[in-house]
Amino acid sequence: MTGWLGGEWPWYVAGPLIGLIVPALLIAGNKQFGISSNLRHLCSIIAPGKVEFFHYDWKRVGLWNLVFLGGVVIGGFLAFHGGTGHTVAISAETRAALVKLGIHDFTGLVPHEIFNWSALLTLRGFVSIVVGGFLVGFGASYAGGCTSGHAISGLANFQLPSLIAVVGFFAGGLAATYFILPWLL
Amino acid sequence: MTKIEKKIGGGAGFLAVYLLLGIVFGYVMTRAEVVSWFRIQEMFRFQSFRMYGIIGMAIVTAAISIALLKRFGIQSVSGESISIPDKQLGRGIRYIVGGTIFGLGWALTGACPGALFALVGSGVSVMVAAVASAVAGAWVYGWLRPRLPH
């Protein structure tokens with residue numbers, strides 16, 4: 001595909017479209033936009049165990065959100081076939097910094113040298129994928145929301161707790177970027 | 001079931017709407033490269049306005065929309081009045097500590113929860129392992145919850 005549909009979408013197109021998901025869900029069924037609640041729903045379905053937090057009617061509370069999440073996977077699939085195989089046009093400074101850290105392959109959305117199945121057996125692959133994933137799930141559940149629930153839904157509704165959570169997101173992100181990744185990669 | 005729900009095919013009709021909105025969200029995130037590890041690195045290094053522009057515009061658009069919905073007392077299609085419960089601050093520990101832990105994971109995986117799922121769809125199959133790990137993380141939180149400060 002060529003023209004404005006090809007390559008990456010500009011921020012001033014993508015941002016408002018993502019923002020409109022919030023009122024669309026409210027108008028459809030008074031639903032609050034937030035992806036990470038689904039992690040709790042998945043626990044409730046797969047392995048509630050004796051944990052009280054996972055004993056609730058997930059179908060009533062979360063079926064809509066799990067269906068939404070299924071849509072996100074399909075959306076990713078469709079976008080890939082719309083052409084996301086290209087190299088992400090990051091700034092020259094970022095590229096130089098990442099080369100210094102040992103990244104060589106800049107094709108695709110993620111560095112394939114870290115994010116592939118055999119890399120799971122390496123320290124950097126394991127920490128990036130498994131440890132990182134764990135912290136995302138644990139942290140978002142502890143904070144009661146992730147980028148969608150706090151940074152977008154919460155800040156748009158002027159919630160102080162969300163602002164505190166977003167400060168935390170950046171504190172953790174900067175710490176990992178400047179202190180963990182240089183050692184890990 | 002409300003009258004309108006019956007009219008548009010009941011619960012299943014609504015689920016189709018949520019599926020469609022999820023598709024739009026996953027598609028836009030992927031096309032905008034919000035799901036890219038490279039873009040997240042660029043953001044945390046403050047070397048491009050792009051991610052801030054996307055998140056900022058999303059917040060502004062959502063804020064204006066919410067204000068308009070409240071101002072005109074719009075009802076949802078399902079017949080409920082639209083209300084967004086406030087988040088409880090409490091001692092605030094969960095937000096700063098949980099948020100920081102989430103941030104560490106966000107930079108390590110280069111993906112927030114929505115992005116993990118979009119990446120699986122876009123063919124980065126190893127992200128299935130990250131998703132499984134994220135679910136495990138949520139489970140451990142649920143298990144430790146009574147003992148954690150909030």
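Here is what the cut-offs are and how they apply
- Residues numbered from 1 in each chain as written.
- Chains lettered and ligands numbered in written order.
- Predicted model: local features only at pLDDT ≥ 70, side-chain atom pairs only at ≥ 80, totals over all residues.
- Helix = DSSP H or I, 4+ residues; strand = E, 2+ residues; numbered from the N terminus.
- Buried ≥ 20, exposed ≤ 12 C-beta atoms within 10 Å, placed from the backbone.
- Rg over C-alpha atoms; globule rule 2.2 N^0.38 Å.
- Contact = placed C-beta atoms within 7 Å.
- Core = buried A, V, L, I, M, F, W, Y, C linked by C-beta atoms within 7 Å.
- Nonpolar A, V, L, I, M, F, W, Y, C, P; charged D, E, K, R; others polar.
- Axes fitted to C-alpha atoms, helices over the stretch in contact; angles between N-to-C directions.
- Parallel < 35°, antiparallel > 145°, perpendicular 65-115°, else oblique.
- Left-handed = near helix turned anticlockwise from the far one by under 90°.
- pLDDT = per-residue confidence, 0-100.

**Student:** Could you give an account of the overall build of chain A, with specific residues and numbers?
**Tutor:** Across its full length, chain A holds 8 helices and 0 strands. Counted from the first residue to the last, chain A has its helices and strands arranged as α-α-α-α-α-α-α-α. Burial status across chain A gives 51% buried among its 185 residues.

**Student:** Describe the overall build of chain B, listing the residues and the values that go with them.
**Tutor:** Within chain B, the secondary structure is distributed over 7 helices and 0 strands. Whereas a compact globule of 150 residues would reach a radius of gyration of roughly 15 Å, chain B reaches 19 Å, over 25% beyond that. Its C-alpha atoms put chain B at 50 × 40 × 30 Å along the principal axes. Across the 150 residues of chain B, 51% fall into the buried class. Across chain B, every contact between residues at least 6 apart in sequence was considered, and the portion connecting residues at least 24 apart equals 51%.

**Student:** Explain the nonpolar core to me, using residue names and the numbers behind them.
**Tutor:** With 99 residues, the main nonpolar core has B:L116 and B:L119 as its most contacted residues. With 11 residues, the single largest contributor to this core is helix α6 (residues 123-143) of chain A. Residues in contact with B:L116, not counting those within four places in the same chain, are B:T109, B:A111, B:M127, B:A130, B:V131 and B:A134.

**Student:** I'd love a proper account of the interface of chain B and chain A, names of residues and values included.
**Tutor:** At the interface, 102 residues of chain B touch 110 residues of chain A. Looking at the side of chain B that touches chain A, the elements that each hand over two or more residues are α2 (10-31), α3 (37-44), α4 (50-71), α5 (93-109), α6 (113-121) and α7 (127-144) of chain B. Ranked by residue count, the leading element in the side of chain B that touches chain A is α2(B), at 17 residues. Partitioning the side of chain B that touches chain A into residue classes produces 62 nonpolar, 29 polar and 11 charged.

**Student:** Please set out the environment of B:V28 residue by residue, giving values where relevant.
**Tutor:** In this structure, B:V28 sits in helix α2. Take B:V28: there are 24 C-beta atoms within 10 Å of it, and that puts it in the buried class. Counting along the chain gives 112 residues from B:V28 to B:V140, while the straight-line C-alpha distance between them is 31 Å. Excluding residues that lie within four positions of it along the chain, B:V28 makes contacts with A:W9, A:A14, A:L17 and A:I18.

**Student:** Hey, could you go over the packing of helix α8 (residues 160-184) of chain A against α5(B) for me, with residue numbers and the actual values?
**Tutor:** The N-to-C vectors of α8(A) and α5(B) enclose an angle of 40°; their axes lie 6 Å apart at closest approach. Between α8(A) and α5(B), the angle is such that the two are oblique. As α8(A) packs across α5(B), the resulting crossing turns out to be right-handed.

**Student:** Any chance you could break down the packing of helix α1 (residues 11-19) of chain A against α4(B) for me, citing the residues and the numbers?
**Tutor:** Orientation of α1(A) relative to α4(B), taken along the N-to-C sense of each, is 40°, at an axis distance of 7 Å. Here α1(A) is positioned oblique relative to α4(B), judged by the angle of their axes. Seen from above, α1(A) lies across α4(B) with right-handed handedness. Between α1(A) and α4(B), the contacting residues are A:W11, A:Y12, A:A14, A:G15, A:P16, A:I18 and A:G19 on the first element and B:R50, B:G53, B:I54, B:G56, B:M57, B:A58, B:I59, B:V60, B:T61 and B:A62 on the second. Its residues placed into classes, the contact of α1(A) with α4(B) shows 11 nonpolar, 5 polar and 1 charged.

**Student:** Break down the confidence of the model for chain B for me, with residues and values.
**Tutor:** Detailed conclusions should not be drawn from predicted coordinates in areas where pLDDT is low. All names here are of chain B. The predicted model of chain B averages 92 in pLDDT, with 93% of residues at 70 or higher. When mean pLDDT is taken per element in chain B, α7 scores highest with 98 and helix α1 (residues 3-7) scores lowest with 48. Note on residues 4-9: pLDDT under 50 across the span, and 9 contacts to partners over four residues away in sequence or across chains. Among the prediction metrics, the complex's ipTM stands at 0.94, with pTM recorded as 0.93.

**Student:** Describe helix α2 (residues 21-29) of chain A, listing the residues and the values that go with them.
**Tutor:** Listing the buried residues of α2(A) in full gives A:I21, A:V22, A:P23, A:L25 and A:L26. Of the residues flanking the end of α2(A), it is A:N30, one or two places downstream, whose phi is positive at about 55°.

**Student:** Break down the environment of A:Y142 for me, citing the residues and quoting the values.
**Tutor:** Along the polypeptide, A:Y142 turns up in helix α6. Between the C-alpha atom of A:Y142 and that of A:S162, which follows or precedes it by 20 residues, the distance is 13 Å. If we skip the residues at most four places from it in the chain, A:Y142 touches B:R94, B:V97, B:G98, B:I101, B:Y141 and B:L148.

**Student:** Tell me about the environment of A:P23, and name the residues and values.
**Tutor:** Examined against the element boundaries, A:P23 turns out to sit in helix α2. Residues within four places of A:P23 in sequence aside, it is in contact with B:A62, B:S65, B:I66 and B:L69.

**Student:** How would you sum up unusual backbone geometry? Please name residues and give values.
**Tutor:** Residue and element names in this part refer to chain A. Phi is positive for N30, which is not a glycine, with a value near 55°. Counting through the fold element by element, N30 comes out in the loop between α2 and α3 (37-46). Owing to 17 C-beta atoms within 10 Å, N30 belongs among the partly exposed residues under this scheme. The phi dihedral of F158 falls on the positive side, at around 55°, and the residue is not glycine. Within the secondary structure, F158 is located in the loop between α7 (147-156) and α8. The class for F158 is exposed, based on 12 C-beta atoms found within 10 Å.

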